[in-house]
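Letter by letter, the chains look like this.
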Amino acid sequence: MVQSATPRGLICSLALVPNPENHGLYLGLESLVAHLQPAVAGLLLDPMFWCPDANNCGPVSSSLLEEIITLVPSGLPLWVRITGTSAEQTIHICRQLETVCRHLNYRGPLAWVDTPLFYHSNRGLPEHYRNLLAETEFNLIADNDPLLIQKIGNKTKRNNIRTAVLKKLAQEPRLAGVVHRGDLGRSLNYQRAVRGQPNFLVYDGGERSFLERPSASGVVSVGANLLPQEWRTITLSSLNLDDSHPDQAGRFRHLWESGQRIRTLQKYYGHAPARIIPAVLAAWKLVQKNGQTLTPEDQKAIERILEHVPEP
Amino acid sequence: MVRPNKKNIRRGAAKIIREAKDVLRIEAEGIFGLIDRIDSEFAEAVNWIYESRGRVIVTGIGKSGIVGRKIVATLNSTGTKSLFLHPAEAMHGDLGMVSSDDIVLVLSSSGETEELTAILPTLKDLRTRIICLTGNTESTLGRNSDLTVYAGVEREACPLGLAPTASTTAMLALGDAICVTLLNKHEFQLEDFRRCHPGGVLGERLRVPIEAIMRTGSSIPKVQENTLVAEAIKEMDAKALGATLVLGDTTGLVGIVTDGDLRRGLRKYERLLEKPVTAIMGKNPKTIQVKDSVADALEIMEEYQITVLAVTGPKDELLGIIHLHDLLGKGYIKFTL
């Protein structure tokens, strides 16, 4: 059976630590993939998140995609962000990366991830996605990230994909799902809107939302870079995917402790995950140090995390 | 106790209220989400149960097991014979309760519950038809059941996956949908419901006041204390309660003559029919107050091993009579609930 590119479960946004000496390359990918691969249902390549300035970071490069394709075990779903600064550039990035896949004879499981409101308004979005999907043989996942849109000061009228627009988008057979990073109310509205498309998935992009009220589709997590097994435990349990509990009391204790570890770490890295998580991974020697500037608050958070979890 | 109002509302109340509303919204959406998923598989499942000559054996473990027990209760009370099979007990002999005529309804959110997948081969060997309610139709149970009904939800309400919430609510609701559609297919009537709920009907009866069901006026079998036994027998025969009350000229109720008193009188007196009733009557008969309940009457009858009670008013005046059969709704007086 061909593995779906959009599995229910834990998708980890792979920590991308730029190599300061070699632009376009990233540190420690091999060890990081090996660290995560047993626990995750899929990996997301999202330079936009890990880049210090979302407005000024490049897309996934051909070399990064090539390297990742050779590193990830076949069958592990790969999500790749293709968001550019305009509709045209996004389509161009998609085409370019598709060429890499063809060149490597890689047929997936892979899905493109895009935050459309980064460069496009709600108006005309279904048409834009029809054009985009015509350029690719892979599925697409829309990313709704109102905080990011707000942060970059986008001049579009709305920070969220409108529910009515999502309903139309979900009718596109190869638009496989949405990652929602906002409030619960909108998430419930999205889920209601796409009910006619049972294969369309609504992932939680907000870790805290998922931990409190888990979506049955799964979660896109950055914290899973630090605690992959704990995140796996919580995700499987939240999605009712794991039903074999010979020791119920032990299971509850395990869930509770895993949840507490995740929450504790989240408290520390929450204000700057893109800076703190790579630094912790470097302290664990999973990636090399890249010399990124850290604030005193970041330093304190890293020390606290290392007190709780001294090694991976 | 101080009831909360706007002035004394405690800190954190707003958070509690918000979270509770979130939980209810998520659970409601979980059920709404199933509406569009009800399809021909569901209809077929209902038809299989309806046409089955056997029973519905419901099985599940953990919270699904608790939901399963509720589905069994609802099926039974709405006219579909059903039993709960605990998967662990099934492995230790309870599978013997399953026959090929039965339908097995398997409940599992994940569809991978080990205890259930373990009994699957035996159920298949028994040629029992298996219907699976699951949130994962591609799971082991989903794929290996004869019919699979989707019972998944879009979101759970409990943090960290500690306990299934919306998914068990959805499964419960789906179980109700099966029960109600079966009920309608069976053309289940009020009388059928009563037959299935003797406890409920009896409970209602027990609260009924005696005055609502007692026999009054000319229905009361009664004779004066100077009446001959022959006349008393005619009265007993006419009123068919197996007894007659005996009244004094001025003193009201003085005794009771029952079938038992007649038997004992026959052995004692050769010419019983010519004797006055006072010769054989039981003195100071047991009574009950008119405002007392059926439960009180039953208690007295059980304590004294009698079947008839005289009913008196506040001044001990005779107002009626009650028989055990009336209390149970089998006699002259019928209950209408």
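Scroll up a little and you will see the structure.
Worth saying up front: this structure is predicted, and the values here are computed from it rather than measured.

Thresholds applied
Residues numbered from 1 in each chain as written. Chains lettered and ligands numbered in written order. Predicted model: local features only at pLDDT ≥ 70, side-chain atom pairs only at ≥ 80, totals over all residues. Heavy atoms only, no water. Patch = residues over 30% accessible without salt bridge, like charges linked within 9 Å, V, L, I, M, F, W, Y side chains within 5 Å. Areas by Shrake-Rupley, 256 points an atom, 1.4 Å probe, with all protein chains shown as cover. Salt bridge = Lys/Arg side-chain N within 4 Å of Asp/Glu carboxyl O. Lys, Arg positive; Asp, Glu negative; His and termini not counted. Charge placed at Lys NZ, Arg CZ, Asp CG, Glu CD. Helix = DSSP H or I, 4+ residues; strand = E, 2+ residues; numbered from the N terminus. Pairing = 2+ DSSP bridges. Contact = heavy atoms within 4.5 Å. Axes fitted to C-alpha atoms, helices over the stretch in contact; angles between N-to-C directions. Core = buried A, V, L, I, M, F, W, Y, C linked by side-chain atoms within 4.5 Å. Buried < 20%, exposed > 50% of the residue type's maximum accessible area, 1.4 Å probe, protein only. Buried area = accessible area lost by both parts, 1.4 Å probe. Polar contact = N/O pair within 3.5 Å; in protein donor to acceptor, adjacent residues only side chain to side chain. Nonpolar A, V, L, I, M, F, W, Y, C, P; charged D, E, K, R; others polar.

Chemist: How do you make sense of a positive patch on the surface when you look at a structure like this?
Modeler: On the surface, a cluster of positive charge is made up of Arg123(A), Lys157(A), Arg158(A), Arg162(A) and Lys168(A). Positionally, Arg158(A) belongs in the loop between helix H6 (146-151) and helix H7 (163-169).

Chemist: I would appreciate a short explanation of the sheet that holds strand E8 (residues 252-258) of chain B in the present structure.
Modeler: In a beta sheet, neighbouring strands are held together by backbone hydrogen bonds and run either parallel or antiparallel to one another. All names here are of chain B. Taken in spatial order, the four strands of this open sheet run E6-E7-E8-E9, and their pairing is mixed. The sheet is open, and its two borders are formed by strand E6 (222-224) and strand E9 (282-283), each paired with just one other strand. In this sheet, E9 lies alongside E8 in antiparallel orientation, the contact comprising two bridges. Counterpart to glycine 255 in the pairing with E9 is lysine 283. Against the sheet, helix H11 (residues 229-239) contacts E6, strand E7 (243-248) and E8, and its axis sits at roughly 125 degrees relative to E7. Docked against the sheet, helix H12 (residues 259-268) engages E8 and E9, running at close to 65 degrees with respect to E8.

Chemist: When you look at the nonpolar core in this model, what are you seeing that I'm missing?
Modeler: Most often, soluble globular proteins have nonpolar side chains that are buried together. Leu14(A), Leu43(A), Leu65(A), Leu78(A) and Trp112(A) are the most contacted members of the largest nonpolar core, which totals 94 residues. With residues near it in sequence (within four places) discarded, Leu14(A) still touches Leu29(A), Leu32(A), Val33(A), Leu36(A), Leu43(A), Leu44(A), Leu45(A), Trp50(A), Ile68(A) and Asn225(A). Core analysis: the next-biggest nonpolar cluster, separate from the first, contains 34 residues, Leu188(A), Ile26(B), Ala45(B) and Val153(B) among them.

Chemist: How should I be thinking about the interface of chain B and chain A in this particular structure?
Modeler: How big an interface is tends to be expressed through the accessible area that disappears when the partners come together. Each partner contributes to the interface: chain B provides 29 residues, whereas chain A provides 30 residues. Roughly 2,600 Å² is buried in total at the junction of chain B and chain A, and carbon and sulfur atoms are behind 49% of that figure. Counting the surface chain B buries against chain A, the share from its top three residues, Arg155(B), Leu160(B) and Leu162(B), is 31%. At the surface where chain B touches chain A, the tally comes to four salt bridges. At the surface where chain B touches chain A, the tally comes to 14 residue pairs in polar contact (both at pLDDT 80 or more). Considering each element in turn, the side of chain B that touches chain A owes the most residues, eight residues, to helix H1 (residues 13-35) of chain B. A breakdown of the residues in the side of chain B that touches chain A according to their chemical character gives ten nonpolar, eight polar and eleven charged.

Chemist: Before we go on, may I ask you to explain the pattern of salt bridges in this structure?
Modeler: Side chains carrying opposite charge are able to pair once their charged atoms draw close together. Enumeration over the complete set of coordinates arrives at 26 salt bridges over all chains. Its salt-bridge partner being Glu211(B), residue Lys291(B) comes within 3.1 Å of it at the nearest N-O pair. Taken together, the residues Lys291(B) in the loop between strand E10 (287-289) and helix H13 (294-304) and Glu211(B) in helix H10 (residues 210-213) connect sequence positions 80 residues apart. What emerges from the salt-bridge pattern is a single network uniting Asp46(A), Arg81(A), Asp143(A), Asp145(A) and Arg181(A).

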